[in-house]
Each structure stands twice: as structure tokens, then as C-alpha cells.
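Report on the structure
Here are the chains, one letter per residue:
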Amino acid sequence: MLASIPSSRYFRGAYHAYVAAFFVYLAAPLTVVAVFAFNDSLFPAMPWKGATLGWFLGEKSPQLGIFHDTELLESILVSLQVAVCTTVVSLALATCNAFLFERHDFPGKNLLYVLMLTPLVIPGVILGVSVLVFSSSIANWVEETFSYDLEVLRPGLVLVVIGQFAFITTIATLVISARLRKFDVSLEEAALNLGASHFDVLRTITLPFLKPALVGAGIVSFLMSFENFNTTLMLVGSDAPLTIAMFDRLREGSTPVLNAVSLLLMAGSGGLAALSIFVRRKEN
Amino acid sequence: MKPQHFKFGLALLLTPILLWLTLLIALPHVDMALISLRERVSAGTYAFSWSNYTAFFTEPLYWRTFARTAVMSIMATALTLLIAFPISFYIAKVARGRLRPLLFLLCLVPFWVSELVRTYGWMILLRETGVLSSLLQWLGWVDGPVEMLYQDATIMVGLVYTSMLFMVVPLVSTLDSLDDSLIEAAYDLGAGHWRVMRDVVIPHAAPGIVSGCIVVFMLTLGNYLTPTLLGGKDSLWFTEQIYTQFITRFNWEQGSAFGILLLILSSLIVWIGLRLSRQSFTKVMS
């Protein structure tokens, strides 16, 4: 309870203990993943067999480290490519959407806004299969009519980007809209009165104001794409992004190389998180 | 701006969003619904049929998995709310000074990491040769190794863990906007802890509670990784059935029917939730 409200010592003690236990629960899985990346054993399990850097630097099987594991390294590259593409297209559409919803009034605006939010409540697997089904329908139709195989609409990286873009756009739109709402339109009007063109206004006033939100939305989109599993699983072809590659490894039986990858992921996303907090602080 | 100019700009902005919603959201789902309503007669020929839906209702494995997924998702949502509420209250109302942003940040950190890594962490903790099993043996509380994976309770731990952030964030932000003096006034007027919770705090936090519950429910219902990895072969999660129909058995007609059923279920439960709590979808989701 509030500090200003009297409550019994036992209640306070129990409450603090509960909060502490919660943070232990929160930290436990990540801590063990990080620690077992250094276990000199073929399995990420007890007992502890001494520390090693082999799961990072090891050059040959069975202790093949991440920096020499070409299969996993390639999947990281695939994930990066997918995430960059998804981020770019999502940001472009999200910026348009933000201007549309914040600056314009038109009949059916509310309905369109609700539709724009729906991807948030469609389970990822279903989003994936519906895109899969629809793109195959088109590809089959093209093949039957023109006897030409439209390769891009078959499972593969293009489809993965399309599927992720379908829902990441919504999240990016929400982030950018929130920032645009705070913008004082009279700044634009003043610039226009002083003779600036619409393009100049956009370039020198509006976009710089939106920059923190664009960076923030970009980071969120990138991370969501990088770690997406459900939608990707349904659309993936022969090139597997990292999450899919790790999932396949996990089903075959795990080795601490997965811990090493996970630790690198934690460091990477931790860095991005710090960057986004830094950007947000600048925004205020 | 001149009206002519304005209209052109509007059309320019409307085109991409309409293309996106039509081509990537609306039409794919319509197509999926159509495919779910057909049956393969012979190679290349299909006929209209309800058979994919009747198969769902006549095969106990299918509808039991469906019901099980729904019930476990509701339970996971309730449990997440129950665990997250005191934590959010602590962050928003009890913690002082620097501790507040720090604790909030600590809640966010695990969720910057991929869900796969989080689930994997639980596997290392809970498996037979895992950390917890070894700890219990070392303490002498159990005689041999204990297998904690592949049980419903384990799936629940993983699901709650995975969804925690999506409950804590909306709760903290709604609780943050509640003026402390309202709580103090309620105490001054003689209300006890529970009374203040019931009549002041919870009504104020209702939008946050609803939005948290909707997001957590959706994520749990559509989850694939956690039940598959923590539940093992017999985890029986409905998204797994969808995956099996599509990818393993290549029966897209049946898979589409499952997809539509899951979509109907999730929309229905979200709708009921909004109705019961009298919240609006646009307000809660943005």
C-alpha cells in the first residue's frame, strides 16, 4: 500500500518478498541461458563441468562454436535481411497511416482505424497461414492461366517479409501516430506563411520532429521481425531465419551453442533497447 | 491547404493502407474461409462441402484440443493478471524515486529477448538434468532426478512468463494515472485495503486490465513455441494442429477450417471481454 497509508509490518514484509520473488522468476531463465553458454559439457544441463569459451570459438564438432557454425551464421544473416526489409516497408506505410489518421478526416475513418488495429488480434499462426493460402491461390492461378510459376509467391523469404509486414505495420503506426499527435500544426502554418513549399516544410520541420518516433518504431519493428516465430514458421521456405533454425536444432537435441547464440542475441537486443531508451529520453 | 490539393493528398495516403488491408488482411482470410468450405473430390477438382467442419466436431481429438487450448488460455490470462497486478501496483504506487523506472525497466528486459530463448531458459531450468532438479537433489528434498517438463503446469509457467510484459505495461500506465490522494481519501473515509481495491483502484485500472487481458489471451491462444517445447509431444495445442494440417499433412482444407475456427473463438472471447467490461476496442488497443 501507499507509504502514507499505515499497514502492518507483516503485510509490508510479505509484499516486498513477493516483489523480490517475482523478479527472481523474471531473471531465472535468462540467467541460466547465459551461464550455460560457458559450460564445458555437450549438454546445457547440470552438472557444471568447468568454464569454456568453446561454444563461441570452438572450431570443430562436437564443440563447434557459434563463430564457426556456418549454418547458424547464415540463418543470422537471413534474419537480418528479413528484418531490414520488413522494417523499411513497415515504417514507410506506418508513416503514411499516421498522417492519414492524424491529419485527415474522411467518411469511414473510424471503421478504417478499427481495421488497421485488427492485425493485433489475429493470432500469428493464422496470419501466416492465410497469407500462405492466398499467395498460393494467386500463384496457382497464374500458373494455370499463363503457365508461368510465380516463384515469389511460394514459401520463402519474400513471403516471410510480407507476412511480418502485415502486422508489424500496425505497431509502427501506433508509435508514430502518438508522436504526430503532439505536433503543433501552427509551426507548419508559420513556415508556409513564410513562403516555404510543402515539401520543404515536411523535410525541415515535420520529419525532424518525428525522427525519434521513427527511430523508435524502426527499432521495435526490427526486433519484432527478428524474433518473430509464429508467422515466419508458416511462410518459410528453404532458407531458415535464426528463430526457425534454432527451433529445428532444439528439436534435434540442444547443445550449448544455442546458449551462446542466445547470449549474443541478448547482448544485441539489449544494445538496441538501450538505444531506444536513449532516443526516447532525447524526445522529452 | 487548398481543397483540391487536400483531396489529392488524402487519396495518396489512402491507397497504401487500403491495399495493405485488402491484399494482406481481408482477402487472405476470405480465401482461407472459402478453402475451408471445399472438399477435394479428385486431383484438381473440388466441391463445396462442410466436411472439414464436421470432421472437427466428430473427431474428439480435434475439438478436445480446441477446448483445452481455450480453457488453458483463459486460465493463463487470469493467472498472469493475478501475478502482475500486485507488481504493477508496486511499481506505480509503492516504489519511490529511482527504484520506479529501474523496476519497470527490469520488467521489460526479458521481452527484448526472443521468445525462443526465454522458453529455452525454462527448459534448462526444468528438465530432468536441469538446474531445479539438481538443486532439489542437492538440498536432499528428493531422492532422484525429477522431470518437470512435459506437464500442463510447466506449459502454464511458460505461458504466464511469456505474456507477463503485456499485462504489466498497460497496468502500470493506468495505475500511474490514478491520483494517490483518491486512495488516501478512501482510507480517511474508513475503507479497508480490500474496499479501496474494489471501489477505487480496480475501477480506475479497468481499461488497463482489459487491454492486458485481451493481448495476453490472444498471444497465448496463438502461441506455438511454448506449448510445443515445454509440453513435448502430447502438449495438444490448437496451433500445433493447424501446423500439422498445413505443413505435415498438406491438408490445407482442414487446416483452413481450423484457422477459421480459432479466429472465430478468439474474436468471440475478445468481444465478450469488451462487452462485460464496457470498453471500446479502439480505446483499449491504442
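Note that the coordinates shown come from a computational prediction; the quantities given were computed from them, not determined experimentally. (Residues numbered from 1 in each chain as written. Chains lettered and ligands numbered in written order. Predicted model: local features only at pLDDT ≥ 70, side-chain atom pairs only at ≥ 80, totals over all residues. Heavy atoms only, no water.)

What about the interface of chain B and chain A?
The interface is formed by 87 residues belonging to chain B together with 87 residues belonging to chain A. Both faces considered, chain B and chain A share a buried interface measuring about 7700 Å² in area, 81% of it formed by carbon and sulfur atoms. A per-residue breakdown of the area chain B buries against chain A is headed by Trp20, Trp112 and Tyr120 of chain B, which together make up 11% of the total. The interface formed by chain B and chain A contains one salt bridge. Taking the shortest distance from any N to any O, the salt bridge between Arg118 of chain B and Glu227 of chain A comes out at 3.7 Å. Run the count over chain B and chain A and you get twelve residue pairs in polar contact (both at pLDDT 80 or more). Top contributing element to the side of chain B that touches chain A by residue count: helix 1 (residues 3–36) of chain B, with 20 residues. (Contact = heavy atoms within 4.5 Å. Buried area = accessible area lost by both parts, 1.4 Å probe. Salt bridge = Lys/Arg side-chain N within 4 Å of Asp/Glu carboxyl O. Polar contact = N/O pair within 3.5 Å; in protein donor to acceptor, adjacent residues only side chain to side chain. Helix = DSSP H or I, 4+ residues; strand = E, 2+ residues; numbered from the N terminus.)

Describing the packing of helix 3 (residues 60–94) of chain B against helix 7 (residues 152–176) of chain B
Residue and element names in this part refer to chain B. Where helix 3 contacts helix 7, the two axes come as close as 6 Å, and the packing angle between them is 45 degrees. One element, helix 3, and the other, helix 7, form an angle in the oblique class. As for how helix 3 packs across helix 7, the hand of that crossing is right-handed. Tallied by class, residues from the contact of helix 3 with helix 7 come to 21 nonpolar, four polar and four charged. (Axes fitted to C-alpha atoms, helices over the stretch in contact; angles between N-to-C directions. Parallel < 35°, antiparallel > 145°, perpendicular 65-115°, else oblique. Left-handed = near helix turned anticlockwise from the far one by under 90°. Nonpolar A, V, L, I, M, F, W, Y, C, P; charged D, E, K, R; others polar.)

Brief notes about the UniProt feature "transmembrane region" (unreviewed entry) in chain A
Residue and element names in this part refer to chain A. The UniProt record annotates "transmembrane region" (unreviewed entry) at residues 15–38, 76–100, 112–136, 156–176, 213–237 and 257–279. Counting secondary structure, residues 156–176 comes out at 95% helix and 0% strand; the distance between its end C-alpha atoms is 30 Å. End C-alpha atoms of residues 257–279 are separated by 33 Å, and the span's content is 100% helix alongside 0% strand. (UniProt positions renumbered as here; feature names shortened; annotations may be inferred.)

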